[in-house]
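Below, each chain spelled out in residue letters.
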Amino acid sequence: MEATYAFLKQNALATFLVVAVLSANGQIWLSNNRIQGLDDEIQVLYADFDPSPQ
């Protein structure tokens, strides 16, 4: 544990950047899932309003 702490302390900038990138990837993943859900709902709405005969 002390070795890990010492490594993180010596490489604070690298550690911060890794955490920032991981956080950003998580936010992007969540946003992609929300967008996909909205896209699915839009497709259902388009199907409901499609004037072509079925």
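The rules we used
- Residues numbered from 1 in each chain as written.
- Predicted model: local features only at pLDDT ≥ 70, side-chain atom pairs only at ≥ 80, totals over all residues.
- Heavy atoms only, no water.
- Helix = DSSP H or I, 4+ residues; strand = E, 2+ residues; numbered from the N terminus.
- Buried < 20%, exposed > 50% of the residue type's maximum accessible area, 1.4 Å probe, protein only.
- Patch = residues over 30% accessible without salt bridge, like charges linked within 9 Å, V, L, I, M, F, W, Y side chains within 5 Å.
- Areas by Shrake-Rupley, 256 points an atom, 1.4 Å probe, with all protein chains shown as cover.
- Salt bridge = Lys/Arg side-chain N within 4 Å of Asp/Glu carboxyl O.

1. Overview of the overall build of the protein
Here's step 1: Tallying secondary structure elements over the protein gives 2 helices and 0 strands in all.
Here's step 2: Expressed along its principal axes, the backbone C-alpha trace of the protein runs to roughly 70 × 20 × 10 Å.
Here's step 3: Split into buried and exposed, the 54 residues of the protein put 0% on the buried side.

2. Comments concerning the environment of Glu 41
Here's step 1: Assignment of secondary structure puts Glu 41 in helix H2 (residues 12-49).
Here's step 2: Looking at Glu 41, the relative accessible area reads 52%, which means it is exposed.
Here's step 3: Note: C-alpha distance between Glu 41 and Ala 20 (21 residues apart in sequence) is 32 Å.

3. A few points about a nonpolar patch on the surface
Here's step 1: On the surface, Leu 13, Phe 16 and Leu 17 cluster together into a nonpolar patch covering about 350 Å² of accessible area.
Here's step 2: Assignment of secondary structure puts Phe 16 in helix H2.

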